[in-house]
Amino acid sequence: MSITAAMVKDLREKTAAGMMDCKKALTECDGDMEKAVDWLRQKGLSKAAKKAGRATSEGLVGFELAADGKSGVAVEVKCETDFVARGDKFQGFVKDMVAQVAKGEYADSEALLSAPFVADASVTVKEALDGVIATTGENMGLGKFAKMELAAGKSGLIGGYLHSNGKLAVLVEMQTGSDAAAASEAFHEVAKNVAMQIAAASPLAVSAEGLNPEVVEHEREVYRQKAREEGKPEQIIEKIAEGAVKKFCKDVCLLDQLYIRDDKMTISDHQGRRQDHRRADHRGPLRADSARRRIVYATDCKRGAMPPFFVIATAGSDNESLFRRACAHHGRVGVHRLQSWHPPS
């Protein structure tokens, strides 16, 4: 039987389900409207659509680090209330989504939602999600997700941290000079501590070299205008702005931030104290920042050749930054990439 646009429209008005879902239901039921309604109800699609407009301000971040330390996954799943977030059904789905992202490669949320569900390949992730919505009676959605893997040919690990409330997770890539060093207890401790630092201090970049120039210039202009409003002489305004920008960089650059467990040292100092500093273990060209006595490791001297990293702040916001030159080392250890997730408040 031919499925007309009018039939699809009629079914949508009755069920509030999506257009493609209505068309599929009518096709499966040979155009029988009543059977199509039942088909949608059985799939949970009708309920899911009706709840789609409701706010999802609660949820959990699913999190897992691979046993070999070479990869890590974090997935944000959102719901309406904390009550549902603490339920077995919801938490089981979050675990399934962690396994889903760990096993596959997905360019975006659409690709993930349309993929076969890891726990039941006969349905898609979207259909599985709609089933949970139908069961719990709350609107749900997938937020940010990512799989971070150690760069090919490098020694190191993917470290991470999951806050006790399950609503904040961090992944961080750490590199070192050898597999033996990467397997050491000290190196794992550094990775965990750095991840906790990221969770607590929300850095925008690994080092000043990785900051978005537009962000830096914006801060510089803010301090220029502030100095003018305070009546400062024009000839010293630039010095005041530069000094303020340097302080800003220390506050938002991971390696320059004060360590949360010991505010007498920076993260760069913490890395240095926990690792052997023999330069012979480096692979690739080295350059030294004499002002800070920091050694920076470069895989390629060409601009833009270093791996990017992301800082993801509040879910649903636009506070996401991509930095193309992020590869800073102190001694033979360095933070290369970091990602963090906060469900919406």
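Refer to the preceding data block for the structure.
Described in the following lines is the structure provided in the data block. (Residues numbered from 1 in each chain as written. Predicted model: local features only at pLDDT ≥ 70, side-chain atom pairs only at ≥ 80, totals over all residues. Heavy atoms only, no water.)

Things to note about the pairing of strand β2 (residues 71-79)
Then comes step 1: Burial within β2 is extensive, with nine of its nine residues counted as buried.
Then comes step 2: Both faces of β2 are covered, namely the face carrying Ser 71, Val 73, Val 75, Val 77 and Cys 79 and the face carrying Gly 72, Ala 74, Glu 76 and Lys 78.
Then comes step 3: Here strand β1 (residues 58-65) runs beside β2; their pairing, made up of eight bridges, is antiparallel. When the bridges of β2 are listed, Gly 59 appears paired with Lys 78.
Then comes step 4: Hairpin connection from β1 to β2: five residues lie between these consecutive antiparallel strands, with Gly 69 at a positive phi of about 75°.
Then comes step 5: Pairing between β2 and strand β5 (residues 141-149): seven bridges, direction antiparallel. (Buried < 20%, exposed > 50% of the residue type's maximum accessible area, 1.4 Å probe, protein only. Helix = DSSP H or I, 4+ residues; strand = E, 2+ residues; numbered from the N terminus. Pairing = 2+ DSSP bridges.)

Details of the nonpolar core
Nonpolar side chains tend toward joint burial in soluble globular proteins.
Then comes step 1: In this structure, Val 75, Val 77, Phe 90, Phe 93, Met 97, Met 140 and Leu 142 are the most contacted members of the largest nonpolar core, which totals 23 residues.
Then comes step 2: Only β2, α5 (82-85), α6 (88-103), α8 (125-136) and β5 provide two or more residues apiece to this core.
Then comes step 3: Element by element, the count of residues in this core is highest for α6, at six residues.
Then comes step 4: Apart from the residues within four sequence positions on either side, Val 77 is in contact with Glu 58, Gly 59, Leu 60, Phe 90, Phe 93, Val 94, Met 97, Gly 141 and Leu 142.
Then comes step 5: Core analysis: the second largest hydrophobic core is formed by 21 residues, Val 172, Phe 187, Met 196 and Met 265 among them. (Core = buried A, V, L, I, M, F, W, Y, C linked by side-chain atoms within 4.5 Å. Contact = heavy atoms within 4.5 Å.)

With respect to the pattern of salt bridges
Then comes step 1: Counting across every chain of the model gives 13 salt bridges.
Then comes step 2: For Glu 127, the salt bridge identified is with Lys 24, shortest N-O distance 3.5 Å. Of this pair, Glu 127 sits in helix α8 while Lys 24 sits in helix α2 (residues 19-28), and the two are 103 residues apart along the sequence.
Then comes step 3: Here Lys 167 and Glu 58 are joined by a salt bridge, their closest N and O atoms 2.5 Å apart. Here the residue Lys 167 occupies a position in the loop between β6 (155-162) and β7 (169-176), and Glu 58 occupies one in strand β1, the gap between them amounting to 109 residues.
Then comes step 4: Judged by relative accessible area, Lys 167 falls into the partly exposed class, the value being 24%.
Then comes step 5: In the salt-bridge network here, residues are joined through shared partners; they are Glu 217, Arg 220, Glu 221, Arg 224, Glu 238 and Glu 242. (Salt bridge = Lys/Arg side-chain N within 4 Å of Asp/Glu carboxyl O.)

Thoughts on a negative patch on the surface
Then comes step 1: A cluster of acidic residues, Glu 28, Asp 30, Asp 32 and Asp 38, forms a negative patch at the surface.
Then comes step 2: For Asp 30, the location among the structural elements is in the loop between α2 and α3 (33-43).
Then comes step 3: The exposure class assigned to Asp 30 is exposed, which follows from its relative accessible area of 58%. (Patch = residues over 30% accessible without salt bridge, like charges linked within 9 Å, V, L, I, M, F, W, Y side chains within 5 Å. Areas by Shrake-Rupley, 256 points an atom, 1.4 Å probe, with all protein chains shown as cover. Lys, Arg positive; Asp, Glu negative; His and termini not counted. Charge placed at Lys NZ, Arg CZ, Asp CG, Glu CD.)

Overview of the environment of Leu 254
Then comes step 1: If you trace the backbone, Leu 254 turns up in the loop between α12 (234-252) and β8 (258-259).
Then comes step 2: Residues Leu 254 and Ser 268, spaced 14 residues apart in sequence, show a C-alpha to C-alpha distance of 8.2 Å.

Quick word on the sheet that holds β1
Strand pairs in the sheet, formed through backbone hydrogen bonds, run parallel or antiparallel to each other.
Then comes step 1: With respect to topology, three strands assemble into an open sheet ordered β1-β2-β5, the strand pairing being antiparallel. Two strands in the sheet have a free side with no partner beyond their single neighbour: β1 and β5. Across the sheet, the mean angle from the axis of one strand to that of its neighbour is 10°, orientation sign disregarded.
Then comes step 2: Along the sheet face, α6 touches β1, β2 and β5 and points at about 140° away from the line of β2. (Axes fitted to C-alpha atoms, helices over the stretch in contact; angles between N-to-C directions.)

Quick word on helix α1 (residues 5-15)
Then comes step 1: Residues of α1 that are buried include every one of Met 7, Val 8, Leu 11 and Thr 15, and no others. The buried residues of α1 occupy an angular sector of 100° when projected down its axis, which confines them to one face. Exposed positions of α1 whose direction lies more than 90 degrees from the buried face are Ala 5, Ala 6, Lys 9 and Glu 13. (Arc of directions from axis to C-beta.)

A word on the layout of surface pockets
The gaps of empty space that remain are located by a probe, the size of a water molecule, rolled over the atoms.
Then comes step 1: There is about 250 Å³ of room inside the largest pocket.
Then comes step 2: Along the wall of the largest pocket there are 14 residues; nearest its centre are Tyr 106, Ala 107, Phe 145, Ala 146 and Lys 147.
Then comes step 3: Among the elements that line the lining of the largest pocket, the one with the most residues is β5, at six residues.
Then comes step 4: Across the lining of the largest pocket, the residue classes tally to six nonpolar, three polar and five charged. (1 Å grid on protein atoms, 1.4 Å probe; cavity = no way out; pocket = protein on both sides within 12 Å on 5 of 7 lines; lining within 4 Å. Points joined across faces, edges and corners; volume = space filled by probe spheres on them. Nonpolar A, V, L, I, M, F, W, Y, C, P; charged D, E, K, R; others polar.)

Some thoughts on the environment of Gln 175
Then comes step 1: Looking at the element boundaries, Gln 175 is found in strand β7.
Then comes step 2: The sequence separation of Gln 175 and Ala 151 amounts to 24 residues, and the corresponding C-alpha distance is 8.8 Å.
Then comes step 3: Looking at Gln 175, its side chain comes within polar contact range of the side chain of Glu 173, at 2.9 Å. (Polar contact = N/O pair within 3.5 Å; in protein donor to acceptor, adjacent residues only side chain to side chain.)

Description of unusual backbone geometry
Then comes step 1: We note that Asp 30 has phi near 55°; this positive angle belongs to a residue other than glycine.
Then comes step 2: One non-glycine residue with positive phi stands out, namely Ser 202, at about 45°.
Then comes step 3: Tracing the backbone shows Ser 202 in the loop between α10 (185-201) and α11 (213-229).

Focus: the packing of α6 against α8
Then comes step 1: Following both chains from N to C, one finds α6 and α8 inclined at 170°, their axes separated by 10 Å at the closest point. Comparing their axes, α8 and α6 come out roughly antiparallel. Of α8, the residues touching α6 (which contributes Lys 89, Phe 93, Met 97 and Gln 100) are Val 125, Ala 128, Leu 129, Val 132, Thr 135 and Thr 136.
Then comes step 2: Partitioning the contact of α6 with α8 into residue classes produces six nonpolar, three polar and one charged. (Parallel < 35°, antiparallel > 145°, perpendicular 65-115°, else oblique.)

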